[in-house]
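Chain by chain, the residues:
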Amino acid sequence: MAQAPVLDRLKILADAAKYDASCASSGTAKRNSRDGKGIGSTEGMGICHAYAPDGRCISLLKLLLTNHCIFDCHYCINRKSSNVVRARFTPQEVVDLTLSFYRRNYIEGLFLSSGIVKSSNHTMEQLIEVARILREEHDFRGYIHLKTIPEADPELMAQAGLWADRVSINVELPTDAGLSRLAPDKSAPQIEGAMGNLSHAIADAKDAQKHFRRAPRFAPAGQSTQMIVGADGASDAQIVGKASTLYDRFGLRRVYYSAFSPIPEASAVLPLKRPPLLREHRLYQSDWLMRFYGFAPAEVQQAAEPDGMLPLDIDPKLAWALKFRGRFPVDLNRAPREDLLRVPGLGTKAVSAILAARRHRTIRLDDVARLTVSIKKMRPFIVTVDWRPTLLTDRLDLRARLAVPAKQMELFA
């Protein structure tokens, strides 16, 4: 059977890759050089944008090697029983596309995933071959992220880390019960076992580099994972607990959350509609609290409502502060860093700025206002030399006063 032209297959396989949140797109303005002026593009099939730790925006070619799959996960658009148009690239075609995009200054790297065709080992070999050809035959020095397959042999997983900057394995769903029900071909112990092997290999490589100058690197950007939110009945508290366990056990760089999106001809076991996108956002905020603000997982879970769900009308830090008002108000001129980080509305940079400024002078309310978007959220929780909230912190209607009011968006604003 004749293959469709490369451009047609690129449309299919780049669109199929959009469900993987491990490589989030930015909201940049659309620009291209199709008129012959300038160099580069911020749009186009398969081009997405991720952010480096230093804040740089990196353009990546994001696509699937194939959307054929022998697995039948209920939530996946590319599952075996799905009636979608199928397409497939050879490793060399992906290499040629990557180099072509790179030479035109469209991208700085590659994010490659795949459905499982023939077998897990066969598919993993194909993914590795793409990275090997780029690195070994073309001396490609751009960023490579490989989405690996936990069912593949550990030796193949180890090879992936030798060629890629980052490797990732999706845990798919927050609970083992949800995984068994919605992805019967997958095994939670097998997924976590593969993540553990990668974690040990990354740690061993870092240790070897400390002792041997020419020791090979292994996934220097670490490993990440993704969880689907809203496909099963897992609560936000359960998801936070699962994410914390993954960070602790496997030293992950990131846990990504992807709101379940209804798919055509969906299985009857799936929800009829997607969860609010704001739920995904609240989970990312809770993730930040654990990673950068010193919150323990149990404390983030305490911010949830009795049903285990994080409130949608206020962020998790504010929800926690409202439940533990006895910890407030915090004196910005005296409190230690860990207490300042718990003040709603104060970010890590603002806290650092306050700590630096108060060594030379006392902090006033106007000083704080210059460090934050809105001082309204912070007023009930802080004390400065010229401000004290008195009874404001204990008001019964404080949540209603601080929650962002819902409003109808204008169609023709």
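Relevant structure appears above.
As a starting point, this report considers the structure included with it. Note that the structure is a prediction, hence the values are computed from the model and not measured.

A look at the overall build of the chain
- What the chain contains, in helices and strands, is 14 helices and 9 strands.
- Taken over the C-alpha trace, the chain has a radius of gyration of 24 Å; the compact-globule value for 413 residues is 22 Å, and the two agree within 12%.
- Its C-alpha atoms give the chain principal-axis dimensions of about 75 × 50 × 50 Å.
- Here the chain, with 413 residues, has 51% of them falling under the buried criterion.
- Put simply, 65% of the contacts in the chain that link residues at least 6 apart link residues at least 24 apart.
- Accessible surface, the chain as shown: approximately 21,000 Å² in total, 53% of it carbon and sulfur.
- The positive charge centre, built from 58 side chains, and the negative charge centre, built from 45, are 6 Å apart in the chain.

Some details on the packing of aromatic side chains
- Enumeration according to the criterion identifies 8 aromatic pairs in this entry.
- When the centroid spacing of 6.3 Å and the interplanar angle of 80° are considered together, the rings of Trp320 and Phe328 count as edge-to-face. Residues Trp320 and Phe328 agree in their burial class; the two are buried.
- With a centroid separation of 5.2 Å and 75° between ring planes, the pair formed by Phe328 and Phe381 is classed as edge-to-face. Separated by 53 residues along the polypeptide, Phe328 in the loop between helix 10 (316–323) and strand 8 (330–331) and Phe381 in the loop between helix 13 (365–369) and strand 9 (382–383) bring together distant segments of the chain. The pair formed by Phe328 and Phe381 is uniform in burial state, with each residue classed as buried.
- Each member of the aromatic cluster is reached from another via a ring pair, and the members are Phe295, Trp320, Phe324, Phe328 and Phe381.

Structural notes on the side chain of Glu192
- Summarising the element assignment, Glu192 is placed in helix 6 (residues 188–211).
- There is a polar contact of 2.7 Å between the side chain of Glu192 and the side chain of Arg249.
- Leave out the neighbours within four places in its chain, and Glu192 touches Lys242, Arg249 and Phe250.

Quick word on the pairing of strand 6 (residues 223–229)
- With 7 of 7 residues buried, strand 6 lies mostly within the body of the structure.
- Burial along strand 6 is two-sided: the residues Gln223, Thr225, Met227 and Val229 and Ser224, Gln226 and Ile228 are all buried.
- In the sheet, strand 5 (residues 166–168) pairs with strand 6 via 2 bridges, with the strands oriented parallel. Looking across to strand 6, one finds that Val167 is bridged to Gln223.
- Crossover strand 6 to strand 7 (residues 254–259) through helix 7 (residues 236–250) is right-handed.

Some words on the environment of Asn197
- Along the polypeptide, Asn197 turns up in helix 6.
- Judged by relative accessible area, which is 45%, Asn197 ranks as partly exposed.
- For Asn197 and Phe250, which are 53 residues apart along the polypeptide, the C-alpha to C-alpha distance reads 9.0 Å.

Quick look at the nonpolar core
- Formed by 113 residues in total, the largest nonpolar core has its most connected members in Tyr75, Leu112, Met124, Tyr257 and Phe381.
- Dropping the residues within four chain positions of it, Tyr75 is found in contact with Glu172, Leu173, Leu182, Ala183, Lys186, Ile228, Phe260, Ile263 and Leu270.

Description of the pattern of salt bridges
- In this structure the tally under the stated criterion is 22 salt bridges.
- The partner of Arg217 in a salt bridge is Asp165, and the shortest N-O contact between them spans 3.1 Å. Placement of the pair is Arg217 in the loop between helix 6 and strand 6 and Asp165 in the loop between helix 4 (154–163) and strand 5, with a sequence separation of 52 residues.
- Using a relative accessible area of 32% as the deciding quantity, one classes Arg217 as partly exposed.
- Given a relative accessible area of 11%, Asp165 falls into the buried group.

Let's talk about helix 7
- Here helix 7 contains 15 residues, and its C-alpha end-to-end distance of 21 Å stays within 8% of the 21 Å for a straight helix at 1.5 Å per residue.
- Of the residues making up helix 7, those classed as buried are Asp236, Ala237, Ile239, Val240, Lys242, Ala243, Ser244, Leu246, Tyr247 and Phe250.
- Of the surrounding elements, those touching the buried residues of helix 7 are helix 5 (176–182), helix 6, strand 6, strand 7, helix 8 (277–292) and helix 9 (297–302).
- Count one or two residues on from helix 7 and you reach Gly251, which has phi positive near 60°.

About the criteria used
- Residues numbered from 1 in each chain as written.
- Predicted model: local features only at pLDDT ≥ 70, side-chain atom pairs only at ≥ 80, totals over all residues.
- Heavy atoms only, no water.
- Helix = DSSP H or I, 4+ residues; strand = E, 2+ residues; numbered from the N terminus.
- Rg over C-alpha atoms; globule rule 2.2 N^0.38 Å.
- Buried < 20%, exposed > 50% of the residue type's maximum accessible area, 1.4 Å probe, protein only.
- Contact = heavy atoms within 4.5 Å.
- Areas by Shrake-Rupley, 256 points an atom, 1.4 Å probe, with all protein chains shown as cover.
- Lys, Arg positive; Asp, Glu negative; His and termini not counted.
- Charge placed at Lys NZ, Arg CZ, Asp CG, Glu CD.
- Phe/Tyr/Trp six-rings, centres within 6.5 Å; stacked < 30°, edge-to-face > 60°.
- Polar contact = N/O pair within 3.5 Å; in protein donor to acceptor, adjacent residues only side chain to side chain.
- Pairing = 2+ DSSP bridges.
- Right-handed = clockwise from strand over helix to strand, strands pointing away.
- Core = buried A, V, L, I, M, F, W, Y, C linked by side-chain atoms within 4.5 Å.
- Salt bridge = Lys/Arg side-chain N within 4 Å of Asp/Glu carboxyl O.
- Expected span 1.5 Å × (residues − 1).

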